[in-house]
Every structure is written in structure tokens, then in C-alpha cells.
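Spelled out from the first residue to the last, the chains are:
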Amino acid sequence: MKRLIIAPMIVAVIPILILTGCGEESVTLREYPDVVLIIIDTIRPDHMSVNGYFRETTPVLDSLASRGTMWTRFQGQSGWTLPATATILTGLSQRAHGAGCSDGSFYGIDPILPTIPHLVRRGAGYQTAAFFNLFFLNDDFGFQNGFDYFDCTEFSCNSQPRNAEETVDDYLMWYDENRDASEPLLSVIHFFDPHLPYCPPSPWDSMYTDPKADAVFNKHWGSMNDVLALNQGFLEMDSTQLEIMTGLYDSELAFTDNQIGRLISELGTRGTLPNTVFIIIGDQGEELLDHGGFGHGHSLYQEILNVPFIMCGRGIAVGVSDEIAAHIDLLPTVLGIAGLDTPIWADGIDILKPDAERAARFIHSSNLLWAAPDLAVVRLENR
């Protein structure tokens, strides 16, 4: 077991060394930086080692946080991926953009709504590319809007989506064949791995637990029917089984973190880091029996709505912010990095502007997948 834990940590040292100059400007800088927006599915901030978690799950994200700014109170706009990611890309609350689940039907982003890639491509000449790993994020739901290149894997109930290693491989292949060095680049990369079922590849699956210790709760458990049976009381999970599932979840985080490190390392060999801003954001968190349930999409408690947000790179200050920010703030903030103004219709603010109006904000979160979809919560700026 000791060898399995040490090996991934050695790999993670490489990006930490490269990130020594993450916020420094040591080369000729273009007018606008490249932006790498990394969306991590189902990530809980309290399971990241930078936030004091007892396992070293996220050394690469820890390094990014130490070289940039980490927001400690960042609010998601929904309890599941489709509406949350729609907010990330549109700068609108879920009630405003309408993407999500309603009356048993699923709705995507209205094609008339401008998105981050659309705005930076048109307003600042960005090349844009996306790599998503969930059918709810495909072109049937409007997520291709504004991207020069759009790649979304499809998978069925009997197959697994592209994992973090495969996602990085595909992105780097595209990058080497299609990157236009004359333009700044917006890359949106979605990692699905921490989502159920928690089935990291070997040796990561044995990093924190024995994946075969329980006949029911293991790396194969976590289908829609499995989670519904547990949350509706037809199945029980004891403390030992919860420890197994939590260990597998943490292993998925560690594997994803390692592959983000490999991505940064590879971009470093291509000489792009001094001209790059990295943004790490979660779409939603995950309940691990905190309120008696498991997974997400069924409630709007903070273990699901509180997500990590880290920015590192060119022009990003080093520090920790305790101010409340939210998914709705991403669009104005990215537009600000690209030298563009915040649209009057955006629900959020550019959180990098010191004079941004933050007083008395009401941050809305809404839409559920496995419960009444019209439920909503509101978080006040000072709470």
C-alpha cells in the first residue's frame, strides 16, 4: 500500500515545480492571456487537502491555490451538472437561463443566450475549445455555442465516460494539431471522475481503501437506481461502508488532481504558462450522508452547493478571499480578464475588480433532479 500512495505523489511534484512561476511575467506577454477553465464534477472543498482534509488528495490544486487566489465561500447555482454548468457559461442564475429539469423534461441553454466562449471569441478574438464528459453537456443541450472546437463524449449506463487521463490526452492532441498561436485561447475542460460510480483506475482505486471489501458498496455501486434506493430508504449504508465509499471518492479526487498536474506540466513544456490564467471550479458538491442522503441533485444543502474556486496565473494576486462569490460571477470575471465589460444582463460581478458592488447581494440556487425541481434557496452576501 505504501508504494501505491508514494507513486502518485511523485508525479504531482512536477507541476508544483512548474507552478513556481505561475503568477510571474518572465516572457513577452500577449494582450490577453490564455484562459484554462477546469470544471471538476462533484467536488467537495472540504475533501481537498488545501482546506485541511486529513488525506493529501489535491497537491496540485493546493499548489495552484498557494500561487493564486482561493475563494473559501463560493456558491453553486444548482444541485446538479446541467443547470450549474449553464450558469457557469452564461452568467445567469438557473431561474434566468431555465436550463435543467422541469416536469420530467430536460432543457438546455437557449441558443439566443450568449456564453463565455461566444463573447470572448467575438469581443477579444479568442480561439475557443471545449472538452466535456457528460451527455447533459452535449450539443443537444446547447453547450457547443461559441466554441470553435467542441468535444463531448457520450456514454450509456453500461459504459464509462472518458476519464481524466483520457481527457488530458485528447485535449493535448487537439492542442498540438490545432492551436493558433496568433490568438489567445479559451479552453474549457470538464473532468467527470469524482462523480458516481467512484471507480478510479488501478492503482488509485486502492489508494485509501480496499475496493473489494464490501459486496455492495464498492467501485461498481452508484447507478441511478442504486442511489435512489439508498435515498428512499430501501437500502442502508453503515459507517464502515461509508468509509469505503468515501475512500473511493477521495481516490477519484486524487486521480483527477494528478491529471490536472500532468496537463499543467505539458502546457509548461509548450511555454504557455506565463501567458495563462487557470481557473478551477466545481459544478456542485456531493452528499456523503451529511443529511441522510447520498450523491447530489436531491437537495440544496451546502455540501452540494458549496464548491471550490481557485484562480492562478498571469495577473492573479496571491491570497485567500472570504468574500462570497458564485457561479454567476464567472462570466463577468472571465470577460474582465479578456478586456471586456460586464454585460448589463449578467447576474454576477467581476470578482477581480476591487470596486465591484458586493453589498446586499442575494445569490439564488435552484433546480433539482431527484426532488421537487421548483425548490430554491437564497444566500445573503454576509452569511
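Every value quoted in this text rests on a predicted model; they were computed, and no experiment measured them.

Draft legend 1. Region of the structure containing the sheet that holds strand S11 (residues 309–313). Taken in spatial order, the eight strands of this open sheet run S6-S5-S7-S1-S8-S11-S2-S12, and their pairing is mixed. The strands lining the two open edges of the sheet, one partner per strand, are strand S6 (149–152) and strand S12 (319–326). Averaged over neighbouring strand pairs, the angle between their axes works out to 15 degrees when direction is ignored. Pairing of strand S2 (residues 69–75) with S12, which is carried by six bridges, proceeds in the parallel orientation. Following the sheet pairing, Trp-71 is matched in S12 by Ser-321. Helix-sheet contacts for helix H8 (residues 239–269) involve strand S1 (34–40), strand S7 (185–191) and strand S8 (276–282), and the interaxial angle to S1 is about 170 degrees.

Draft legend 2. Structural detail: the side chain of Asn-133. Within the element layout of this structure, Asn-133 appears in the loop between strand S5 (127–132) and S6. According to the relative accessible area criterion, Asn-133 is buried, its value standing at 0%. At 3.2 Å, the side chain of Asn-133 forms a polar contact with the side chain of Thr-153. In this structure the side chain of Asn-133 is engaged in a polar contact, spanning 2.8 Å, whose partner is the side chain of Arg-162.

Draft legend 3. Molecular detail of the pattern of salt bridges. Overall, the coordinates contain twelve salt bridges when judged by the stated rule. Here Asp-34 makes a salt bridge to Arg-179, at a shortest N to O gap of 3.1 Å. Pair noted here: Asp-34 is in strand S1 and Arg-179 is in the loop between helix H6 (164–178) and S7, with a separation of 145 residues, a long-range link. Overall, Arg-179 belongs to the buried group, its relative accessible area being 18%. Between Arg-121 and Asp-148 there is a salt bridge whose closest N-O contact spans 3.0 Å. Within this pair, whereas Arg-121 is found in helix H5 (residues 116–124), its partner Asp-148 is found in the loop between S5 and S6, the two being separated by 27 residues in sequence. Classification of Arg-121 by relative accessible area gives partly exposed; the value is 34%. A relative accessible area of 44% means that Asp-148 is categorised as partly exposed. Salt bridges linked by common partners bring Arg-44, Asp-46 and Asp-290 together as one network.

Draft legend 4. Representation of helix H10 (residues 330–337). Counting buried positions along H10 yields seven of eight residues, so the element is predominantly enclosed. For H10, the full list of buried residues reads Leu-330, Leu-331, Pro-332, Thr-333, Val-334, Leu-335 and Ile-337. The elements touched by buried residues of H10 are S1, helix H3 (81–90), H5, S8, S11 and S12.

Parameters and conventions
Residues numbered from 1 in each chain as written. Predicted model: local features only at pLDDT ≥ 70, side-chain atom pairs only at ≥ 80, totals over all residues. Heavy atoms only, no water. Pairing = 2+ DSSP bridges. Helix = DSSP H or I, 4+ residues; strand = E, 2+ residues; numbered from the N terminus. Axes fitted to C-alpha atoms, helices over the stretch in contact; angles between N-to-C directions. Contact = heavy atoms within 4.5 Å. Buried < 20%, exposed > 50% of the residue type's maximum accessible area, 1.4 Å probe, protein only. Polar contact = N/O pair within 3.5 Å; in protein donor to acceptor, adjacent residues only side chain to side chain. Salt bridge = Lys/Arg side-chain N within 4 Å of Asp/Glu carboxyl O.

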